[in-house]
Amino acid sequence: MIHRISGRDDTKRFLKNLGFVEGSSVTVINRMEGNMIVSVMDSRIAIGKNMANKIMVERN
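Remember, predicted model here, so these are calculated numbers, not experimental data.

Trainee: Describe the overall build of the protein, naming the residues involved and giving the relevant values.
Mentor: Within the protein, the secondary structure is distributed over two helices and five strands. Reading the protein from its N end, one meets helices and strands in the order β-α-β-β-β-α-β. Here the C-alpha radius of gyration of the protein, 10 Å, is about what a compact globule of 60 residues would show, namely 10 Å. If one aligns the C-alpha atoms of the protein with their principal axes, the spans along those axes are about 25 × 25 × 20 Å. For the protein, with 60 residues in total, the buried portion stands at 23%.

Below, the structure is given as structure tokens:
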């Protein structure tokens, strides 16, 4: 579950447009050298390590 998104306003807006919003469920599909493929809002999205570090999650 996404708890909080950190970063600059444009970074937060970019992530929100991809479906990363507080309260949404996110699942890590694959992890490669810090980069990730995640499932959020019925979509699979590849994000880099720096971007992933801005997404704070709570584990269920």
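Trainee: Describe the pattern of salt bridges, naming the residues involved and giving the relevant values.
Mentor: This model, assessed by the stated rule, comprises one salt bridge. A salt bridge links Arg8 to Asp10; the shortest N-O distance between them is 3.0 Å. Using a relative accessible area of 59% as the deciding quantity, one classes Arg8 as exposed.

Trainee: For unusual backbone geometry, give the residues involved together with the corresponding values.
Mentor: Despite not being glycine, Glu33 shows a phi value in the positive range, around 50 degrees. Within the secondary structure, Glu33 sits in the loop between β2 (26–32) and β3 (35–40). Not every positive phi belongs to a glycine, and Met41 is a case in point at roughly 55 degrees. With respect to the secondary-structure elements, Met41 resides in the loop between β3 and β4 (43–47).

Trainee: I'd love a proper account of the sheet that holds β4, names of residues and values included.
Mentor: Strand order in this open sheet of three strands is β2-β3-β4, and the pairing throughout is antiparallel. Two strands bound the open sheet, and with one partner strand each, they are β2 and β4. For this sheet the average axis-to-axis angle between neighbouring strands, irrespective of direction, equals 25 degrees. In this sheet, β3 lies alongside β2 in antiparallel orientation, the contact comprising six bridges. Residue Asn30 lies in a different strand from β3, and its bridge partner there is Ile37.

Reading guide: rules and limits
Every chain begins its residue count from 1, and numbering advances along the sequence as written. For this predicted model, a pLDDT threshold of at least 70 governs which residues receive local features, and a threshold of 80 or more governs which side-chain atom pairs are given and counted, while totals over whole chains, interfaces and linings are taken from all residues. Side-chain descriptors were evaluated using all non-hydrogen atoms of the structure, hydrogens and water having been removed beforehand. Helix and strand definitions here come from DSSP, where helices need a minimum of 4 consecutive H or I residues and strands a minimum of 2 consecutive E residues; each element is numbered from the N-terminal end. Here the globule rule reads 2.2 Å times residues to the power 0.38, and the radius of gyration is calculated from C-alpha atoms. Whether a residue is buried, partly exposed or exposed follows from its accessible area with a 1.4 Å probe, protein chains only, as a fraction of its type maximum: under 20%, in between, or over 50%, in that order. Definition used for salt bridges: Asp or Glu carboxyl oxygen within 4 Å of a side-chain nitrogen of Lys or Arg. When DSSP finds at least two bridges between two strands, those strands are taken to pair. With axes taken as lines fitted to C-alpha atoms, and helix axes fitted only over the stretch in contact, angles between N-to-C directions fall between 0 and 180 degrees.

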